[in-house]
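Here's the letter readout for the chains.
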Amino acid sequence: MENITFNMSELHNHGTAFFDYLSLRKHFFVDTLNWDIPHNDSYEMDQYDNPLAYYSLVLKDGKVIGGSRVMPTTSSWGEYT
């Protein structure tokens, strides 16, 4: 297993991992739990997926199997804190 961490300015260094993570979130939250949250056919993302967020993803054999997004509690992006 491998752990990668990055923010939006570094996501290009990790191939499709960021988008694979958004796809995994869509599969879990929308397809499995049936949450009514913003998504399209492939991805789930929200207002907290912004340049202030950091991501920590777990990969197994190059495939994203889990992850999390974190932000400082003092962050502010537009109207969202």
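For the structure, see preceding data.
Calculation notes
- Residues numbered from 1 in each chain as written.
- Predicted model: local features only at pLDDT ≥ 70, side-chain atom pairs only at ≥ 80, totals over all residues.
- Heavy atoms only, no water.
- Pairing = 2+ DSSP bridges.
- Helix = DSSP H or I, 4+ residues; strand = E, 2+ residues; numbered from the N terminus.
- Axes fitted to C-alpha atoms, helices over the stretch in contact; angles between N-to-C directions.
- Contact = heavy atoms within 4.5 Å.

> Looking at this structure, how should I read the sheet that holds strand S3 (residues 63–70)?
Working definition: the strands of a sheet are paired by backbone hydrogen bonds and lie parallel or antiparallel to each other. Across the sheet, which stays open at both edges, the three strands sit in the order S1-S2-S3 with antiparallel pairing between neighbours. Two strands bound the open sheet, and with one partner strand each, they are strand S1 (2–7) and S3. Put simply, the sheet's adjacent strands are angled 20° from each other on average, direction ignored. One ladder, built from six bridges, connects S1 with strand S2 (residues 54–60); its direction is antiparallel. When the bridges of S2 are listed, asparagine 7 appears paired with tyrosine 54. With respect to the sheet, helix H1 (residues 17–32) is in contact with S1, S2 and S3, its orientation differing from that of S3 by roughly 85°.

> I'm lost on the environment of proline 51 in this one. Help?
On the secondary structure map, proline 51 appears in the loop between H1 and S2. A sequence separation of 31 residues divides proline 51 from aspartate 20, and the C-alpha atoms of the two residues are 18 Å apart. Setting aside chain neighbours within four positions, we find proline 51 in contact with Met8 and Trp77.

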